[in-house]
Amino acid sequence: GNLSEETPFYLRRMQGGWQVVAVALLVFHFALPFALLLSRDLKRNARTLGAVAALMLVMQLVDLYWLVAPDLAGHGHDNVPLRVHWMDLAATVGLGGLWLFLFARQARTANVLPVGEPEVRELMATAPAEAH
């Protein structure tokens with residue numbers, strides 16, 4: 001709390017267009033998902049729940065960009081303007097695609113259920129045949 005050496009970090013992010021990103025983070029990464037997820041009907045609809053989850057994932061990426069980009073682009077200078085380079089997006093897509101590929105490859109060979117769990121064996125033994 002209230003450490004004077006951390007104040008410039010946030011002051012730099014409230015100048016040069018970054019304040020718009022900060023407000024968007026507040027609204028779309030916290031307030032809107034919080035208000036939407038209060039609805040029981042929304043949480044029972046897979047499509048709308050997926051849309052809220054996608055919004056939160058995109059806003060998480062924006063949050064990470066907001067934390068890192070001003071220092072990278074400004075090289076320690078104050079008042080760095082908001083600029084998005086095509087490589088920022090390409091790096092995100094490339095790393096996300098690599099992660100998805102490795103996850104899918106591992107998911108093909110991994111067991112979905114814990115093999116040695118006694119309760120799972122009992123559950124599978126009592127389940128109807130069409131569920132297997």
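Now for a look at the structure at hand. These numbers were taken from a predicted model, which means no experiment stands behind them.

Each value, and the rule that gives it
- Residues numbered from 1 in each chain as written.
- Predicted model: local features only at pLDDT ≥ 70, side-chain atom pairs only at ≥ 80, totals over all residues.
- Heavy atoms only, no water.
- Helix = DSSP H or I, 4+ residues; strand = E, 2+ residues; numbered from the N terminus.
- Buried < 20%, exposed > 50% of the residue type's maximum accessible area, 1.4 Å probe, protein only.
- Contact = heavy atoms within 4.5 Å.
- Patch = residues over 30% accessible without salt bridge, like charges linked within 9 Å, V, L, I, M, F, W, Y side chains within 5 Å.
- Areas by Shrake-Rupley, 256 points an atom, 1.4 Å probe, with all protein chains shown as cover.
- Salt bridge = Lys/Arg side-chain N within 4 Å of Asp/Glu carboxyl O.
- Core = buried A, V, L, I, M, F, W, Y, C linked by side-chain atoms within 4.5 Å.
- Phe/Tyr/Trp six-rings, centres within 6.5 Å; stacked < 30°, edge-to-face > 60°.

**Re the overall build of the protein**
For the protein, the count of helices and strands is six helices and zero strands. Seen in sequence order, the protein has helices and strands lined up from the N terminus as α-α-α-α-α-α. Within the protein, the fraction of its 132 residues that count as buried is 13%. Within the protein, counting contacts between residues at least 6 apart in sequence, those at least 24 apart form 60% of the total.

**Re the side chain of Asp63**
Among the structural elements, Asp63 can be located in helix H4 (residues 46-74). Residue class for Asp63 comes out buried when judged on its relative accessible area of 19%. Those residues in contact with Asp63 that lie beyond four places of it in its chain are Leu25 and His29.

**Some details on a nonpolar patch on the surface**
Taken together, Val23, Leu26, Val27, Phe28, Phe30, Leu32, Phe34 and Leu38 make up a surface patch of nonpolar side chains, about 770 Å² in accessible area. Looking at the secondary structure, you find Leu26 in helix H2 (residues 18-36). Relative accessible area serves as the criterion here: at 54%, Leu26 is assigned to the exposed category.

**Some words on the nonpolar core**
Of all hydrophobic cores here, the largest spans seven residues; its members are Trp18, Val21, Ala22, Leu25, Met59, Trp66 and Ala69. Counting residues per element, the ones that place at least two in this core are H2 and H4. Leaving out residues up to four positions away in the same chain, Val21 has contacts with Val62, Trp66 and Leu82.

**Focus: the packing of aromatic side chains**
Scanning the model with the defined rule gives four aromatic pairs in all. A centroid spacing of 5.7 Å and a plane angle of 20 degrees characterise the contact between Phe30 and Phe34, whose relative ring orientation is stacked. Residue Phe30 and its partner Phe34 are located together in helix H2, separated by four residues, close to a single helical turn. A relative accessible area of 51% places Phe30 in the exposed class.

**Looking at the environment of Met14**
Tracing the backbone through its elements, the reader meets Met14 in the loop between helix H1 (7-12) and H2. Discounting residues that sit within four places of it in the chain, Met14 has contacts with Gln19, Ala22 and Trp66.

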